[in-house]
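One-letter residues, chain by chain:
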Amino acid sequence: MDVVKAVETYITKMVSEPSAMKVLLLDTHTTPIVSLASTQSTLLSHQVYLTDRIDNTKRDRMAHMKCVCFLQPNEDSLEALEAELREPKYGEYYLYFSNILSKTAIERLADVDEYEVVREVQEYFADYAPILPPLFSLNHTPTSTRPLYGTSPSSWDPKALDRSVQGIIAVLLSLKKKPIIRYEKSSSMAKKLGVEIQHRVQAESSLFDFRGTQVPPLLLILDRKNDPVTPLLSQWTYQAMVHELLGIQNGRIDLSLVPDIRPELKEITLTPSTDPFFLEQHLATFGDLGTSLKVYVQSYQSRSLAQGPQNISSISDMKRFVEEYPEFRRLGGNVSKHVALVGELSRIVERDRLLEIGEVEQGLATGSGADLKSVQTLITNPAVPAWNKLRLVMLYGLRYQKTQSSSVASLINLALENGVQREDARLVYVLLNIAGSDQRQEDLFSAESLLAKGRSALKGLKGVENVYMQHTPHLAQTLENLLKGRLRDTTFPFLDNVGPNASLQRPQDVIIFVVGGTTYEEARTVSLLNQESAHSGTRLLLGGTCVHNSSSFVEMIRSASVNWPSTVFDPPPESAPTMPSLNLQLGGVNVSLGGRAGTGVYRTSGEGVSMQADGIRDGVKNLIGKVKQGVDRIAAQ
C-alpha cells in the first residue's frame, strides 16, 4: 500500500503515450500531486517539454505538439477544458481525470470537441497528495474560505464532506481496495463520512469489483478532536520539526526569510523520493540528525578532494571526472540544503527557548506530569513567544481541566498579562469545549491509559530516546488494540453488520483516515508499526484531510469557531466559576498565582532532566556550528 508508487505509476502511464513531443496541462489540484510523485527530469525523459496550467489563457498555440491533460473533474477545471477544446492550441488531446467522471461531464466535453482533437479520455485515480509511502493528504487545510466544519463542531461543511469522500474513493480505487468501515463512535462526522463512502462504493460497484481476500481491508475513520494533544506539541524528528517550525507545502519549504540565506536556497524541495539523505533521516531525532549530517558533510568533503585537479592526470581520469561531476554537483547542492535547513532549525530552537518548552510540554502530555510552577515560569519569561505560551496553556487546560480548573484560570490570566492576546486566549475555551475531557471518546491522561501505554509494544520498539520523545500519539494505542483484536465494537463500531467475530480478525490492510487532519508524529508511529509488523504481512496507511502543525491546527479551530454557537467561547461548564469570561471586555483582571498544582503524577526531581536537556542543547549547537563551518570552508575553496 505505497501511495507514492501508486500515483507515480499513474503519471508514468499518462506521459508515456503518445511517444512524441508533448505538453502537460494541470489544474490547481493536480499540480501539487504531480510535483510530489514525479520530477522534471522524469517528465523530460517522456518528452514532456512544457508543463502549464489549464487556466493560463496566455499560452502560445503549438499545433505540432500533443497535449496531455491531468485534471480534477470539478466545475472550474471542466469549464477551463471546455474553453480549451473550443479553440484548441495543440494538435491532439489526451484527457485524464483524477477521479470518477460523470456521464454528464463526458457529454459536455463531447459537445465542445467540434475539431475532434480529443484522442483519449480516462480516469486515473490520483486525487490525493502522496507525501510518504504510508501517508497521504487531501490538502484541505481549513480556512475561513475553505472550511471543514459546518455550523457546529460536530457537523461537516458540505463541500468539505464531498471532497473527503472523493479523496478517499480515489485512494481505495488506486490501491484496489474495497474495505469494511469502522469509525469512532463519539464522532458524528466520522460516521457521516463512513456512510457517504459506503454509498459511493455501492453506487460504483463495477469499479470496486476487486478480487476478494480472506480478511477484507479495513477503513478506520478517526476524529482529530479525540486527540487534540498530538498536534499541539513541539516536534523533535526531522520532517516533523521542519513542518512545525518552517512549514512544508507539497514538498516545498520557503527559506526566503532566513538570515543570510543563499539565493539558490530561498525555496527548496524536500521529498524522500528525490532526496536520499532525507529518505534516510526524515524520522531521525534532532540529536541523531546532527551526527548524521556531520557524516554526510565529511563524505562530501572526501569526494571533493577526490575531484580536485591534482587527481586528474590522465585521459581516463578526465573521463571519470566528466561522468561523475553532475552527481557530485547534485550532492554538493543537497549537502548545502540540509546544512542550511538544520542550521535554521537550530537557530529557531535556541531563539524561542524550545528545549525548555519541549521538556514541559512532554511532561504535560505524558505520565511524568508538569507542575504549575514550571508552566508559570515559561509564561512569564519575555524570551518565550506568545504563541508558545498559548500552546502551553492549552496543553495544561487539556490535562488538568477537571482536577485543577482554578490553576487553568490563573494561567489564562497570567498569559493575558504576558503578551497573549484576548482573542487568542479565548481559543483555550473553544478547545476545551470541543475536545475537552467530556467530549473525547477516551481519556488521554487517565491512569488506565498510562498503564496501557506502559505495556505498549511501541515502547520497546521506539524507546524513550530522550526527554523530548516521551509522548506517544493516541493513535498508537488504537492501532495496537486493533492489531491484537482488542478494539471494542462498542467504541469503534462497524458500519455494517459484519458478524460477531469481525473485530477479532487481524486485518492485513488498514487505511486510517483522520477527519480534521493528521500529523507527522502519527505518520512516524505508522511507519514504525509497519516495520514491526512486516513479518506478519499487516500494512498500515495513514491519511487525513491535511497534515497539521500546531499553528494550522489552532488556526483551523479559530476559523471554524466563528460559525459555531457563541457558547464555545464560554468557560467549560464544570469550571465556569473559576475561569475568567473572555468574551466580555477586559476590565481589571485579578491574577491569582501560586498554589499547588494538585494531585497527579509528577517528576520528583528535575535535576537529571535539566542536565540532560542542557547536554542535548549544547551538543546540538556545537555540532551544527562545526558542520556549517565545514561546508562554508568547502564552498570557499
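None of these values were measured; they are calculated from a predicted model.

Draft legend 1. Seen up close, the overall build of the chain. Broken down by element type, the chain carries 22 helices and 15 strands. Here the chain holds 637 residues, and 55% of them are scored as buried. Taking as baseline every contact in the chain between residues at least 6 positions apart, the subset at least 24 positions apart corresponds to 82%. For the chain, the computed accessible surface area is about 28,200 Å², with 51% contributed by carbon and sulfur atoms.

Draft legend 2. Broad picture of the environment of D209. In this structure, D209 sits in the loop between α7 (188-203) and β9 (218-223). Exposure remark for D209: the relative accessible area of 64% places this residue in the exposed category. With 33 residues separating them in the primary sequence, D209 and K176 have C-alpha atoms 8.9 Å apart.

Draft legend 3. Quick peek at the side chain of T366. One can find T366 in the loop between α12 (354-365) and α13 (372-379). Look at T366 and you get buried, because its relative accessible area is 11%. At 2.6 Å, the side chain of T366 forms a polar contact with the backbone oxygen of Q362.

Draft legend 4. Representation of helix α20 (residues 520-532) within the structure. With 13 residues, α20 extends 18 Å between its outermost C-alpha atoms, agreeing within 8% with the 18 Å of an ideal straight helix rising 1.5 Å per residue. All of the buried residues along α20 are Y520, E521, E522, A523, R524, T525, V526, S527, L528, L529 and N530.

Draft legend 5. Broad picture of the pairing of strand β12 (residues 509-515). Most of β12 is tucked away: seven of the seven residues are buried. Because side chains alternate across β12, one face comprises the buried residues D509, I511, F513 and V515, and the other comprises V510, I512 and V514, equally buried. Relative to strand β14 (residues 539-544), β12 runs parallel, the two sharing six bridges. In the sheet register, D509 faces β14, and the bridge partner there is R539.

Draft legend 6. How the structure looks around the nonpolar core. Membership of the largest hydrophobic core comes to 155 residues, with the highest contact counts inside it found for Y128, F136, L193, I197, I221, Y238 and L479. A per-element tally of this core places helix α6 (residues 158-175) first, with ten residues. Excluding anything up to four places from it in sequence, I197 contacts V165, I168, I169, L172, I181, L219 and I221. If you look at the next biggest cluster of nonpolar residues, it comprises 20 residues, including M65, L81, L85 and V112.

Draft legend 7. Here's a closer look at empty space enclosed by the protein. Counting across every chain of the model gives ten cavities of 30 Å³ or more. Counted as a void, the largest cavity has a volume near 110 Å³. Along its surface, the largest cavity is lined by E184, L222, D223, R224, N226, D227, H474, L475, T478, V514 and E522. Of all the secondary-structure elements, those providing two or more residues to the lining of the largest cavity are β9 and α19 (474-483). With three residues, α19 is the single largest residue contributor to the lining of the largest cavity. Of the residues that constitute the lining of the largest cavity, the class distribution is three nonpolar, three polar and five charged.

Draft legend 8. Fine view of the sheet that holds β12. Pairing in this open sheet of six strands is mixed, and the strands run β6-β7-β14-β12-β9-β8 from one edge to the other. Pairing within the sheet leaves two strands with one partner each, and these edge strands are β6 (129-132) and β8 (180-183). Between one strand axis and the next, the sheet turns by 25° as a mean value, whatever way the strands run. Here β9 runs beside β12; their pairing, made up of six bridges, is parallel.

Draft legend 9. Expanded view of the packing of aromatic side chains. If you walk through the whole model with that rule in mind, you get eleven aromatic pairs. Taking 5.8 Å as the distance between ring centres and 65° as the angle between the ring planes, the aromatic pair formed by Y128 and F136 counts as edge-to-face. Each member of the pair, Y128 together with F136, is buried. Ring geometry for F136 against F513: centres 6.3 Å apart, planes inclined by 25°, an arrangement best described as stacked. Of this pair, F136 sits in strand β7 (residues 135-137) while F513 sits in strand β12, and the two are 377 residues apart along the sequence. On the basis of relative accessible area, F513 is assigned to the buried category, the value being 0%. These aromatic residues form a ring-pair network of at least three members: Y10, Y96 and Y124. One residue, R426, lies across the ring of F569, its end atom 4.0 Å from the ring centre.

Draft legend 10. Structural context of the pattern of salt bridges. Considering all chains together, one arrives at 25 salt bridges under this definition. With a shortest N-O distance of 3.4 Å, R163 and D127 are connected by a salt bridge. Note that R163 is positioned in helix α6 and D127 in the loop between β5 (118-123) and β6, a separation of 36 residues in sequence. Here R163 matches D127 in class, with each residue buried. With a shortest N-O distance of 2.8 Å, D275 and K337 are connected by a salt bridge. One end of the pair, D275, is in the loop between β11 (267-269) and α9 (276-281); the other, K337, is in helix α11 (residues 315-351), and 62 residues separate them in sequence. Here the two residues D275 and K337 agree in accessibility, since each one is buried.

Draft legend 11. Structural view of the layout of surface pockets. The volume enclosed by the largest pocket comes to roughly 630 Å³. Forming the walls of the largest pocket are 34 residues, and the residues nearest its centre are N139, T141, I248, Q249 and N250. Mapped by element, the contributors of at least two residues to the lining of the largest pocket are α2 (30-37), β6, α8 (238-245) and α21 (550-561). Of the residues that constitute the lining of the largest pocket, the class distribution is 14 nonpolar, 16 polar and four charged.

Draft legend 12. Molecular detail of α8. α8 sits mainly inside the fold: seven of its eight residues count as buried. Of all the positions in α8, only Y238, Q239, A240, M241, V242, H243 and E244 are classed as buried. Looking one or two residues beyond α8, the residue adopting positive phi is G247, at roughly 90°.

Conventions we followed
- Residues numbered from 1 in each chain as written.
- Predicted model: local features only at pLDDT ≥ 70, side-chain atom pairs only at ≥ 80, totals over all residues.
- Heavy atoms only, no water.
- Helix = DSSP H or I, 4+ residues; strand = E, 2+ residues; numbered from the N terminus.
- Buried < 20%, exposed > 50% of the residue type's maximum accessible area, 1.4 Å probe, protein only.
- Contact = heavy atoms within 4.5 Å.
- Areas by Shrake-Rupley, 256 points an atom, 1.4 Å probe, with all protein chains shown as cover.
- Polar contact = N/O pair within 3.5 Å; in protein donor to acceptor, adjacent residues only side chain to side chain.
- Expected span 1.5 Å × (residues − 1).
- Pairing = 2+ DSSP bridges.
- Core = buried A, V, L, I, M, F, W, Y, C linked by side-chain atoms within 4.5 Å.
- 1 Å grid on protein atoms, 1.4 Å probe; cavity = no way out; pocket = protein on both sides within 12 Å on 5 of 7 lines; lining within 4 Å.
- Points joined across faces, edges and corners; volume = space filled by probe spheres on them.
- Nonpolar A, V, L, I, M, F, W, Y, C, P; charged D, E, K, R; others polar.
- Axes fitted to C-alpha atoms, helices over the stretch in contact; angles between N-to-C directions.
- Phe/Tyr/Trp six-rings, centres within 6.5 Å; stacked < 30°, edge-to-face > 60°.
- Lys NZ or Arg CZ within 6 Å of the ring centre and 35° of its normal.
- Salt bridge = Lys/Arg side-chain N within 4 Å of Asp/Glu carboxyl O.

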